[in-house]
Amino acid sequence: MTRRNTPEADLQRAVVQALRFALPRTAIIHHCANEVTEPGPRGAKRQAILVGMGVHAGFADLMVLHDGRVLFFELKAPKGRLRPDQEAFRDAVLAQGFGWALVRSLDDALGALADHAFTSRVRPARRAAP
């Protein structure tokens, strides 16, 4: 199902579906809902509760765990940019030796699996060098 004006959410649903097909059944694909989109004081209170429960600012949209490896995906629309807290999360993850990828398309997601040596049933299209 495609919804209007939600390019990142539409991309995320497509990527999750592709990952479920491409990866072995033992792989874990997880989305951590880490933002409240409800405006006003009620939304602010809910966000504060989540932060108190361990929500981490800038946490990636998806996390894939398989064979002792972790790969984080930050999904962005074609013109979307990383926020400073997302850049800080990326840098911290990479400094700890985990994989991280900026994903703007299904090819980016599948390419990231290949780049990080994840077993996959799908071969990504050839990607241009970054």
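In this text, all values refer to a predicted model and were calculated from it rather than measured experimentally.

Strand order across the open sheet formed by 4 strands is E1-E2-E3-E4, with mixed pairing between neighbours. Edge positions in the open sheet fall to strand E1 (28-30) and strand E4 (99-103), since each of these has one partner strand only. Neighbour to neighbour, the strand axes of the sheet diverge by 20° on average, direction disregarded. Sheet analysis places strand E2 (residues 62-66) next to strand E3 (residues 69-75), joined by 5 bridges and oriented antiparallel.

Quick look at the packing of helix H1 (residues 7-22) against helix H4 (residues 106-115) now. It is the contact of H1 with H4, at a shortest axis distance of 9 Å, that shows an interaxial angle of 40°. Classed by the angle they form, the pair H1 and H4 counts as oblique. Classified by chirality, the crossing of H4 by H1 is right-handed. Every residue of H4 that contacts H1 at Leu11, Ala14, Val15, Ala18, Leu19 and Ala22 is listed here: Leu106, Ala109, Leu110 and Leu113. The residue makeup of the contact of H1 with H4, split by class, is 10 nonpolar, no polar and no charged.

Examined against the element boundaries, leucine 113 turns out to sit in helix H4. Filtering out sequence-adjacent residues up to four positions away, leucine 113 remains in contact with Leu19, Ala22, Leu23, Leu71, Phe73, Phe118 and Ser120.

Rules and cut-offs
- Residues numbered from 1 in each chain as written.
- Predicted model: local features only at pLDDT ≥ 70, side-chain atom pairs only at ≥ 80, totals over all residues.
- Heavy atoms only, no water.
- Pairing = 2+ DSSP bridges.
- Helix = DSSP H or I, 4+ residues; strand = E, 2+ residues; numbered from the N terminus.
- Axes fitted to C-alpha atoms, helices over the stretch in contact; angles between N-to-C directions.
- Parallel < 35°, antiparallel > 145°, perpendicular 65-115°, else oblique.
- Left-handed = near helix turned anticlockwise from the far one by under 90°.
- Contact = heavy atoms within 4.5 Å.
- Nonpolar A, V, L, I, M, F, W, Y, C, P; charged D, E, K, R; others polar.

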